[in-house]
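If you want the building blocks of each chain, they are given just below.
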Amino acid sequence: MALIIAKFGGSSLADAEHFKKVYDIVKSNPDRRYVIPSAPGKRFDGDTKVTDMLYDCYAKASEGEDFAEDFQKITDRFDSIIDGLGLDLDLTPEYQKIRLAFENAAGRDYAASRGEYLNGMILAYYLGYDFVDAAKCVRFNENGSFNSDFTIEKTAEHLSHHFCGVIPGFYGKMPNDTIKTFSRGGSDITGSLVARGVNADLYENWTDVNGFLVADPRIVRNPSRIETITYKELRELSYMGATVLHEDAIFPVHQAGIPINIRNTNDPADPGTMIVRKTPEQKAAHHVTGIAGKKGFSIISIEKAMMNSGSGFVRRLLTALEELDIPFEHLPSGIDTMSIVVDSAYVQGREQQVIDTITKAVEADHVSVDNHLGLIAVVGRGMIRAAGTAARVFAAVARQNINLRMIDQGSSELNIIIGVDEASFDDAVRAIYTEFFHKEA
Ligand code: ASP
């Protein structure tokens with residue numbers, strides 16, 4: 001018998017109708033023994049997630065304002081789920097405890113965590129599974145960082161007493177017993193940790209899309225779904241803005257080689273995207289697995305004759321950047337030129353200071369700063385063996401008369417990153433998509 005961890009996001013548990021779908025999914029496979037819920041998410045455009053309602057309500061409580069009405073709206077959301085499912089469950093005593101804790105300044109994290117906590121109680125009752133408070137297993141260190149070893153060990157120990165369980169996502173406990181949450185979307189991390197703790201065969205992450213898409217659907221019409229992606233490829237794509245899964249959710253399962261399957265609660269027949277450590281001989285359906293990108297970068301270009309002849313140039317350059325407090329993203333270099341790609345937020349409005357500091361630090365002949373750069377990452381394990389992938393990327397972009405302002409190929413040969421003017425960004429993504437996904441289809 002295999003063991004599956006099923007994590008359901010907020011949109012999958014937003015109301016009673018969604019709870020019913022979750023019930024059917026969980027019950028359709030007896031291997032789905034541990035379930036991780038998020039708090040109820042948005043039911044429609046313009047709706048508010050329960051987590052946000054809790055933050056707002058707690059803000060009022062901590063300012064000493066009357067928060068009764070806000071609190072009522074939150075408990076109404078949970079009660080409407082209970083009523084919609086026809087459950088004989090009364091959470092009033094829990095609501096009273098939470099209300100009191102709000103009055104006694106139990107903390108913002110505690111407040112936010114109650115969305116997952118209460119949703120977990122309802123789901124456990126509905127499924128007939130044990131409710132296991134995440135505070136018993138998930139642990140943070142004194143300095144607020146996450147204690148992975150402790151958590152994995154405690155989870156294994158704790159869940160060995162529960163054949164089936166619901167463990168709320170998003171939060172855990174500090175050594176002083178207060179509640180702390182992960183960053184937003186952190187239930188994904190809880191799911192990953194539980195999967196690791198019980199050494200699951202599969203970590204299913206149920207959401208409202210059919211997995212990762214090859215490109216952003218706001219730019220490319222009907223992009224294909226990625227069937228299989230490696231953790232490393234996913235890391236590259238997430239860094240460049242593809243979001244479905246919390247970034248930190250990858251590491252716990254990655255270490256143990258447990259695959260993640262992104263699935264759609266509203267379309268359970270669809271196989272979704274599989275995220276794996278390795279594919280057989282890194283086999284890929286296409287040379288390119290995915291295309292992701294972000295706008296809002298700047299290029300600092302440095303020219304210096306005989307740049308490579310002296311030593312210490314890069315050290316001095318990086319020291320200057322450190323003094324300016326500017327982290328860099330990429331550092332492509334030429335013979336007598338070097339470019340630094342940085343987030344525009346760090347340079348815009350202080351260009352002259354950046355130019356002067358760098359010019360002085362490395363005795364440059366010329367330094368300039370150009371804003372409005374978009375970076376596009378073309379990622380694929382299939383590139384390693386295929387000659388000419390880079391040429392195809394460049395040619396596809398050139399055919400649209402788009403000027404490449406930067407090129408960077410990672411040493412892993414897993415990605416090619418190009419920089420284009422923000423104004424040409426969407427056209428460049430579409431050109432690359434057409435090149436690799438229409439021609440290879
Ligand atoms: N409910 C939390 C949030 O909205 C955590 C999560 O959904 O994973 O960020």
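For the structure itself, look to the data block above.
Attention in this report is confined to the structure presented alongside it.

Cut-off values and rules
Residues numbered from 1 in each chain as written. Predicted model: local features only at pLDDT ≥ 70, side-chain atom pairs only at ≥ 80, totals over all residues. Heavy atoms only, no water. Near = heavy atom within 4 Å. Polar contact = N/O pair within 3.5 Å; in protein donor to acceptor, adjacent residues only side chain to side chain. Areas by Shrake-Rupley, 256 points an atom, 1.4 Å probe, with all protein chains shown as cover. Nonpolar A, V, L, I, M, F, W, Y, C, P; charged D, E, K, R; others polar. Helix = DSSP H or I, 4+ residues; strand = E, 2+ residues; numbered from the N terminus. Buried < 20%, exposed > 50% of the residue type's maximum accessible area, 1.4 Å probe, protein only. Arc of directions from axis to C-beta. Pairing = 2+ DSSP bridges. Axes fitted to C-alpha atoms, helices over the stretch in contact; angles between N-to-C directions.

## Considering the site of the ligand
Taken together, Ser38, Lys49, Thr51, Glu116, Phe170, Arg184, Gly185, Gly186 and Ser187 are the residues near the ligand. Within the side chain of Ser38, an N or O atom sits 3.2 Å from an oxygen atom of the ligand. Contacts to the ligand include Arg184, whose side-chain N or O atom sits 2.7 Å from an oxygen atom. Protein coverage of the free-state accessible area of the ligand, which is 260 Å², stands at 92%. Partitioning the shell around the ligand into residue classes produces 1 nonpolar, 5 polar and 3 charged.

## What to know about the environment of Gly241
If you trace the backbone, Gly241 turns up in the loop between α8 (231-239) and α9 (250-256). Judged by relative accessible area, Gly241 falls into the partly exposed class, the value being 39%.

## Here's the deal with helix α12 (residues 389-399)
Among all positions of α12, only Thr389, Val393, Ala396 and Val397 are buried. All buried residues of α12 lie within an arc of 95° about the axis, which places them on one face of the element.

## A short note on the sheet that holds strand β15 (residues 406-409)
The pairing of strands in a sheet happens through backbone hydrogen bonds and is either parallel or antiparallel. Pairing in this open sheet of 6 strands is antiparallel, and the strands run β12-β13-β11-β14-β16-β15 from one edge to the other. In this open sheet, the two strands that pair with only one neighbour each are β12 (328-330) and β15. Recorded for the sheet is a direction-independent mean angle of 40° between the axes of neighbouring strands. Alignment of β12 against strand β13 (residues 337-343), held across 2 bridges, turns out to be antiparallel.

## Structural notes on helix α7 (residues 187-197)
In terms of residue burial, α7 counts as a mostly covered element, since 10 of its 11 residues are buried. Here α7 has its buried residues at Ser187, Asp188, Ile189, Thr190, Gly191, Ser192, Leu193, Val194, Ala195 and Gly197.

## Regarding the sheet that holds strand β3 (residues 130-131)
Taken together, 8 strands build an open sheet; the order of strands is β3-β4-β2-β1-β7-β9-β10-β8 and the sheet is mixed. Among the strands making up the open sheet, the edge pair consists of β3 and β8 (228-230). Strand direction decides the pairing type here: β8 and strand β10 (residues 273-276), joined by 3 bridges, are parallel. Residue pairing across strands places Ile229 opposite Ile275, the latter belonging to β10.

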